[in-house]
Amino acid sequence: VTPRALARLLAAYLAVLCVACLGLAFTLHVSRSTAPKRSVVSVWHGGHRIARAVVSEHAEQTLAQHDSAPGTLRVIEDVLDEAPLLTLSPALFGLSFVPARDGIEVTYGGHGSLATPDDLVKIGAYNSSVSFGDFKLKFGVDAKVAFAYFARELDVPVDELLAHGKFRRLSLRRRSPAGEVTAPEVNVASLDAAVRGAGGYLARSVDAEGKFRYEVDGASGEETPDYNLPRHAGATWYLAQAARHSGDAQMRAAVQRAARHVISNYYKDCGSRRCVTGDESADLGSSALALLAFVELVESDIAPELLGRVTELSEFLRSQQREDGEFKHLYDRNKREAIDVQFLYYSGEAAFALSRAYRVTHDRRNLDAARRALSRLVEQPFWYIGWRYYWGAEHWTCHALDDLWDDAPVPAALDFCLDWQEFVRNTAVEGREASPEYDGASTSGPFVPPQLVVTATRMEAAVATLSAARRAKISASRLEALERGIQRSFAFLLRYQYLPGPTHLMPDPDMMHGGVPASETDFHVRIDYPQHAAAGWVEYIRLLQPQTSK
Amino acid sequence: MVTRATDPRRLRKGFAIGNLVPALLLAVACWALPLRWWVMDVPVAIVVLGLIASSALSLADERRARKLLRLAALALLGLGLLLIGAFALSIAFLSGVHGPFGAFGMILMGLVVLLLLPYAVIYPCVELWWLHQLEQAPVAAESRTETAPALPLDGTAA
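Residues numbered from 1 in each chain as written. Chains lettered and ligands numbered in written order. Predicted model: local features only at pLDDT ≥ 70, side-chain atom pairs only at ≥ 80, totals over all residues. Heavy atoms only, no water.

A. Local environment of the nonpolar core. Core analysis: the biggest nonpolar cluster contains 153 residues, and Phe93, Ile104, Phe294, Phe490 and Trp537 of chain A have the highest contact counts within it. Among the elements that line this core, the one with the most residues is helix α9 (residues 284-299) of chain A, at eleven residues. With near-sequence residues (within four places) excluded, Trp537 of chain A lies in contact with Leu191, Ala194, Val195, Phe490, Leu493, Leu494, Gln497 and Val516 of chain A. Counting 40 residues, the second-largest nonpolar core is a separate cluster that includes Val98 of chain A together with Leu81, Val97 and Leu134 of chain B. (Core = buried A, V, L, I, M, F, W, Y, C linked by side-chain atoms within 4.5 Å. Buried < 20%, exposed > 50% of the residue type's maximum accessible area, 1.4 Å probe, protein only. Helix = DSSP H or I, 4+ residues; strand = E, 2+ residues; numbered from the N terminus. Contact = heavy atoms within 4.5 Å.)

B. Quick peek at the sheet that holds strand β14 (residues 337-339) of chain A. Residue and element names in this part refer to chain A. One open sheet accounts for three strands, arranged β12-β13-β14; its pairing is antiparallel. The outermost strands of the open sheet, each flanked by one partner alone, are β12 (281-283) and β14. The mean inter-strand angle of the sheet, taken between neighbouring strand axes irrespective of direction, is 30°. Bridging between strand β13 (residues 330-332) and β14 involves three bridges; their strand directions are antiparallel. By the bridge assignment for β14, Leu330 is matched with Ile339. (Pairing = 2+ DSSP bridges. Axes fitted to C-alpha atoms, helices over the stretch in contact; angles between N-to-C directions.)

C. A look at the packing of aromatic side chains. Residue and element names in this part refer to chain A. Taken as a whole and assessed by the stated rule, the structure comprises 20 aromatic pairs over all chains. Look at Phe150 and Phe167: their rings are 6.2 Å apart centre to centre, the planes differ by 85°, and that puts the pair in the edge-to-face class. Of this pair, Phe150 sits in helix α4 (residues 143-154) while Phe167 sits in strand β8 (residues 166-176), placing them 17 residues apart in sequence. No difference in accessibility class separates Phe150 from Phe167, as the two residues are buried. Plain terms: the ring middles of Tyr214 and Tyr227 are 5.5 Å apart, the flat faces sit at 50° to each other, and that makes the pair tilted. Highlighted residues: Tyr214 in the loop between α6 (188-204) and β9 (215-217) and Tyr227 in the loop between β9 and α7 (229-246), separated in sequence by 13 residues. Look at Tyr214 and you get buried, because its relative accessible area is 5%. (Phe/Tyr/Trp six-rings, centres within 6.5 Å; stacked < 30°, edge-to-face > 60°.)

Structure representation (structure tokens):
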């Protein structure tokens, strides 16, 4: 091979590749700003579609006779553009749609069928994920679910449909009911409504025994059978805050039941101390978050009788702490000994809980233990070359920073949280062509709708950081950047909280009211989703009201 | 004039050992992925084994070294172009579906190109160029150099 021939070969390869790439991108591209070509009119009632028409004009008048029926919603979506699909192979087919923005049209034997994003939510086509070990990725549309849907609609076997059907991608824009074009305002009034909504959702989900309805799919109304004790305790903590903030009697009663549920079922001996566990192996997180909830209940005077439990749980947490500030995250109740292993979140939760416990116990051992734990948490591991560019989920760390600032400040923790927040802002979604509504969200990848809980945890940390940073009197420009990021991300979260959300897709919208879903296309609400989002909102309200801020 | 830097024998050994670097990187990069897919695994495995074999044989058999190194370089270049092509088409596909996806996509694209280009395109091109230069030079040059006494300390030789 002569150098000249090699150069020619490479140049030709590059040219062919460029043409192929441009051709592929151009063929698959759909416009999202052109005039509508036709409209899809759907009528929904009780979470089910009861009528549909595809029209090229007079969409407003189409199926209008349904408007008078109570509980019925007519949705008009405009088809702006369409494009072919590269392949029907499940993985690539699934990646060929922008979730929540694209529809699918299939024609077979002279008949046509169409699925809008609402249809795809209802059939669970957005719920598929691919797991790589512990790592789970959600990709576009579940091809198998979509194929089965069209096969049913067109009354044809799936294989036959795939062999002879013609599939196309549709770019859709909802005309009615009109979505908010601009981002929701972030102010005391909107945050107050959001806080009460989230509190109301959690309060309604506490049963007579004090157990939460752990996770519900808003699109199907089905509950997940799982349960998680640390998340129960975390949701109880937020519910106590919401009850305190709102003075709502239903929330007060619900949070008392939820706290009692912990004490009745999970408050056990851990050696000579008391801890919260459902197992012979007690994890630190359950006790830490229960302690957090109990402190809130004592402080707010909702359950002052829990002060003794606060003291007991503080003792247990302190007994699990190592000399270097780190915690042993498990306790073996049979062997009566701590197990020196570490899991995500627990050390931050324990640091924050001990700091909060100091408020009501005034025991300086709690303060000292919290300060040592926080200092340990923000140490930069010298052996990890990526530490400048990578942060774990540090929301509890930044809560602890804020809570300790007045009595035992850890300046390194403030730097840590400020740096992390800069990273969060720099990697937030900005100007995604198909979904400008996602601006400000913490991304879960460029091709999937952002998971709300990811943004929520980062923002509760951001608010805690802002609170500490104000008291530390850092520069105005840094404070301003931090607050701008908070406002932008909160606007994203507020947009998707179910206040009331897409009720036409829900069999029981009242039950879901105030919930915070997993994402725009995944209607699952787990108890920690509203907890994390609203824990940030309620703190930010305090910062927006100077007379009540710290 | 043949210097230490242009000594064909040294360069041949250098490339023979150098082939182990892309072999190692490709092997680690491919088998570190949590997903196994034969379309990816088989060509990468062939190239990795080919690179290792070419290194060993080139060091052992001076007469066939050029041919082996050329084959290995062509295989590596082919795989590199294939991977870059697949990656570029993937980006084009996703860009067509999702529209421009901003800084994240650009960083990702840049990172993959930076990781692939030096080892799987530039390196084999340099190797092929050197092999061509060697072929153009008088055949006697290499054999004279190969049997020449040790180079003087100033790094030059007649």
